[in-house]
Amino acid sequence: MTEEMNNEMAEVKDFSVGEIVTGTVTKVEEKQAYVNVGYKMDGIIPISELSSLHVEKVSDVLNEGDEVELQVIKLTDEELVLSKRAVAAEKAWDDLSEKHENSETFEAEVADVVKGGLVVDLGVRGFIPASLVERHYVEDFSDYKGKTLRVKVVEMDKEKNKLILSQRAVLDEEAAEKKRETLNQLNAGDVLEGTVQRLTDFGAFVDIGGVDGLVHISQMAHHHVDTPSEVVNEGDVVKVKVLGVDPDNERISLSIKDTLPGPWEALEGKFQHGDVVEGTVKRLVSFGAFVEIAPGVEGLVHISQIANRHIGTPGEVLKEGESVKAKVLDVNVTERRISLSIRALEEEKEAKADKAAKNEYQKEDDHSGFSLGDMIGDQLKKYKK
């Protein structure tokens, strides 16, 4: 054996399966690439060993002259098979394991949209289930391809090649932090704007900066409210006053009512003496009846002003819930007092009826052709004769 042959054999590297090698791409075909790694023959990288994701053609990933780090996955006298995917995966699992342990947030670009969620390439195939993409429901993910998301590892199993990621975990964490900040900054008495998030039978939840506060149905308006939808709708921007804050239980009590002018303040100049108003009998008491003539405003019809005849109790004439008309006798906004009279309207009605009857009688008398004056005139004529 010559010295030249010995030198050539010495230069040929000896590899083993699993070893990491570095080589230069010498040829690119549609389904495989050839790489010079210093072995007696060029190694082959099958298209399936290029990436953790599906690759259409090798040229999408490699070009001639590229230097790549590879792992030997098969070695015989006739063939050397290498994997780019295996090297990337090994590094990725180590990196992802550390991120998972530290609950680290990192970025990942969406490589594909598949049934049930999104796929990313982190050296290994990562999957983001649809329910873990956003905090809200997303009907169509088609425009997410190519987007960069901030994610956390929520589940990983190297042996099963399973990697589950979540962007929602990041968003939930940020929302919780914002909520804590808001709770610490709020004080009873603060007045601020919020957005109505949802309605319930007992009130409305309003977002006031990353945290929802409850406006109880009793705090929605100065007047009685049967359902919150009478006052607000989801999405409405409303002004609210903070009634109380409980940071430990993350509860905030709010009021819309306290930001609105009181019913009596809004009444200024609306009713005057002599006005006829219509209202609903709210309460009957021994001395009269309270009639609501505006939201949150009740006037008193004293028992002496209920009817134009003597009555023993208001219940003889009125019923709670009944709609009635009354005349305003007196208005005192400062003392929040309005005096009303049903009797006055009845008397006016009777007076009008009497006047109408008298007028009608007069008309009939005029049309009869005979009057008292005529009789007296006839008698005087007799005396003159």
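Heads up: the structure comes first, above all this text.
What this report covers is the structure whose coordinates are included nearby. Note that the coordinates shown come from a computational prediction; the quantities given were computed from them, not determined experimentally.

Before going further, it helps to spend a moment on the nonpolar core. Where a protein is soluble and globular, its nonpolar side chains tend to be buried together. Ranked by internal contacts, the top residues of the largest apolar core, which has 22 residues, are L267, V291, I293, V297, I306, I338 and L340. Mapped by element, the contributors of at least two residues to this core are β16 (276-285), β17 (288-294), β18 (297-302), β19 (323-332) and β20 (337-341). Counting residues per element, this core draws most heavily on β17, at 4 residues. Apart from the residues within four sequence positions on either side, I306 is in contact with G288, V301, I311, P314, V317, L318, I342, R343 and E346. In this structure, L96, F106, L149 and L165 belong to the second largest nonpolar core, which totals 20 residues.

Counted by the stated rule, this structure contains 21 salt bridges. Note that E69 is salt-bridged to K91, the shortest N-O span being 2.7 Å. In this pair, E69 sits in strand β4 (residues 67-75) while K91 sits in helix α2 (residues 84-101), placing the two residues 22 residues apart along the sequence. Put simply, E335 and R337 hold a salt bridge, and the shortest N to O gap is 2.4 Å. Taking the relative accessible area as the measure of exposure, R337 reaches 37% and is therefore partly exposed. A single network of salt bridges, built from pairs that share partners, joins R135, R168 and D172.

Another aspect to go through is the environment of A204. Structurally, A204 is set in strand β12 (residues 203-207). Remark: the alpha-carbon pair of A204 and L284, spanning 80 residues in sequence, is separated by 33 Å. Aside from chain neighbours lying at most four places away, what touches A204 is V196, R198, L199, G213, L214, V215, M220 and V232.

So, about the pairing of strand β8 (residues 125-129). Taken across its 5 residues, β8 has 4 buried, putting it largely inside the fold. The pairing of strand β7 (residues 117-121) with β8 spans 5 bridges and is classified as antiparallel. Residue pairing in the sheet places V119 in a bridge with F127 of β8. Adjacent in sequence and paired antiparallel, β7 and β8 are bridged by 3 residues, among which G123 carries a positive phi angle near 95°.

Conventions used here
- Residues numbered from 1 in each chain as written.
- Predicted model: local features only at pLDDT ≥ 70, side-chain atom pairs only at ≥ 80, totals over all residues.
- Heavy atoms only, no water.
- Core = buried A, V, L, I, M, F, W, Y, C linked by side-chain atoms within 4.5 Å.
- Buried < 20%, exposed > 50% of the residue type's maximum accessible area, 1.4 Å probe, protein only.
- Helix = DSSP H or I, 4+ residues; strand = E, 2+ residues; numbered from the N terminus.
- Contact = heavy atoms within 4.5 Å.
- Salt bridge = Lys/Arg side-chain N within 4 Å of Asp/Glu carboxyl O.
- Pairing = 2+ DSSP bridges.

Any functional reading would require information beyond the geometric quantities listed.
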